[in-house]
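Single-letter residue listing:
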Amino acid sequence: MFKKTTSVHFINAEGNGNRIMVIPTFVLLYWKKFIFVIGGVLSVLLLVLGVFIYQKTSEIYKEELHRANYIKSKIDMQKLQESFQSINQSMLKINGFMQERGLQKFSMKNVGGEEGFDIQDVNEVSSFYVGYIKEIENAITNVPLGKPHHGEITSHFGTRENPFSGGGAETHSGMDFRGNTGDPVKSTAHGKVSFAGVKGGYGNCVIIDHGYNLQTLYGHFSQIKVKAGQEVQSGEVIGAVGSTGRSTGPHLHYEVHFKGERINPELYLNFK
Ligand SMILES: [Zn+2]
């Protein structure tokens with residue numbers, strides 16, 4: 001039907017014209033219908049495209065919704081709140097223990113106990129606990145725990161027979177560990193060396209300040225391996241077993257001071 005053509009000669013107002021356009025005669029005769037059909041086809045194409053885009057978008061939306069619901073199902077708010085309350089209870093207990101032992105108590109508000117919280121609160125509560133646990137961690141690393149030396153305990157804290165005169169009784173200000181000269185002696189907590197040198201009957205002596213009103217003292221060293229003012233970690237070697245000062249043979253004399261008073265170091269040897 002497009003085989004028959006009609007030539008259209010374009011002529012301007014001056015009567016000149018050199019443009020000739022060849023159009024199928026069919027189009028010239030039925031141009032309205034022709035435009036209508038093309039318009040129709042375009043409309044259908046647009047419609048199909050629109051439906052396609054709509055479907056794709058709603059698919060993505062559905063997926064997002066599904067994901068959100070999945071996350072929601074994984075977070076059981078009821079359970080979460082119970083867990084937070086349990087953490088809260090433990091922290092209050094730890095605070096109590098610390099106070100009983102005369103240690104500095106942490107300030108804490110009852111964060112986990114709030115009634116019904118949302119996701120944002122969960123983040124807030126979590127970061128509070130992270131900070132709080134960090135504080136406890138710092139306190140624990142500064143409390144002398146365990147043994148400074150692996151040797152056998154040969155003398156306990158308190159009243160004992162005088163090892164020098166063989167008669168009468170004296171108060172032993174710490175505890176003794178049997179050892180060989182040169183054995184490494186370790187700090188029982190993180191702290192700062194407040195004394196390192198010769199100190200009367202203690203001989204070569206190291207005192208470490210752990211903060212929280214706690215100090216440890218180590219005596220009769222053959223060798224001191226730290227300097228006053230130096231920071232030490234728990235388990236760090238601070239000296240070597242010896243028999244300097246008032247001593248009957250190589251051993252370690254160990255003391256724990258709390259608020260300036262000598263206390264029984266055995267209280268700090270284990271968690272009991
Ligand atoms: Zn001793």
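All values reported here derive from a predicted model rather than from experimental measurement.

Chemist: Describe the overall build of the protein, naming the residues involved and giving the relevant values.
Modeler: Tallying secondary structure elements over the protein gives four helices and 15 strands in all. The proportion of buried residues among the 272 residues of the protein is 19%. Across the protein, contacts joining residues at least 24 apart in sequence account for 58% of those joining residues at least 6 apart.

Chemist: Please give an account of the environment of Lys259 that cites residues and values.
Modeler: With respect to the secondary-structure elements, Lys259 resides in the loop between strand 14 (251–258) and strand 15 (261–263). Put simply, Lys259 and Leu214 are 45 residues apart on the chain and 6.6 Å apart in space, counted from C-alpha to C-alpha.

Chemist: For the pairing of strand 6 (residues 175–178), give the residues involved together with the corresponding values.
Modeler: Sheet topology note: the strand 3 (residues 153–155)/strand 6 ladder contains two bridges and is antiparallel. Its bridge partner lying in strand 6, Ile153 is registered against Phe177.

Chemist: I'd love a proper account of unusual backbone geometry, names of residues and values included.
Modeler: Not every positive phi belongs to a glycine, and His220 is a case in point at roughly 70°. By secondary structure assignment, the location of His220 is in strand 10 (residues 214–221). Within the chain, Lys259 stands out as a residue other than glycine whose phi angle is a positive 50°.

Chemist: Before we move on, can you summarise the sheet that holds strand 7 (residues 184–186) with the specific residues and values?
Modeler: Picture the strands of a sheet paired through backbone hydrogen bonds; they go either parallel or antiparallel. The three strands lie next to each other as 7-13-11, forming an open sheet whose pairing is antiparallel. Edge strands, defined here as strands with exactly one partner in the open sheet, are strand 7 and strand 11 (223–224). Two elements, strand 7 and strand 13 (residues 237–240), share three bridges in a ladder whose sense is antiparallel. Among the inter-strand pairings, Lys186 is bridged to a residue of strand 13, identified as Val237.

Scoring rules and cut-offs
Residues numbered from 1 in each chain as written. Predicted model: local features only at pLDDT ≥ 70, side-chain atom pairs only at ≥ 80, totals over all residues. Helix = DSSP H or I, 4+ residues; strand = E, 2+ residues; numbered from the N terminus. Buried ≥ 20, exposed ≤ 12 C-beta atoms within 10 Å, placed from the backbone. Contact = placed C-beta atoms within 7 Å. Pairing = 2+ DSSP bridges.

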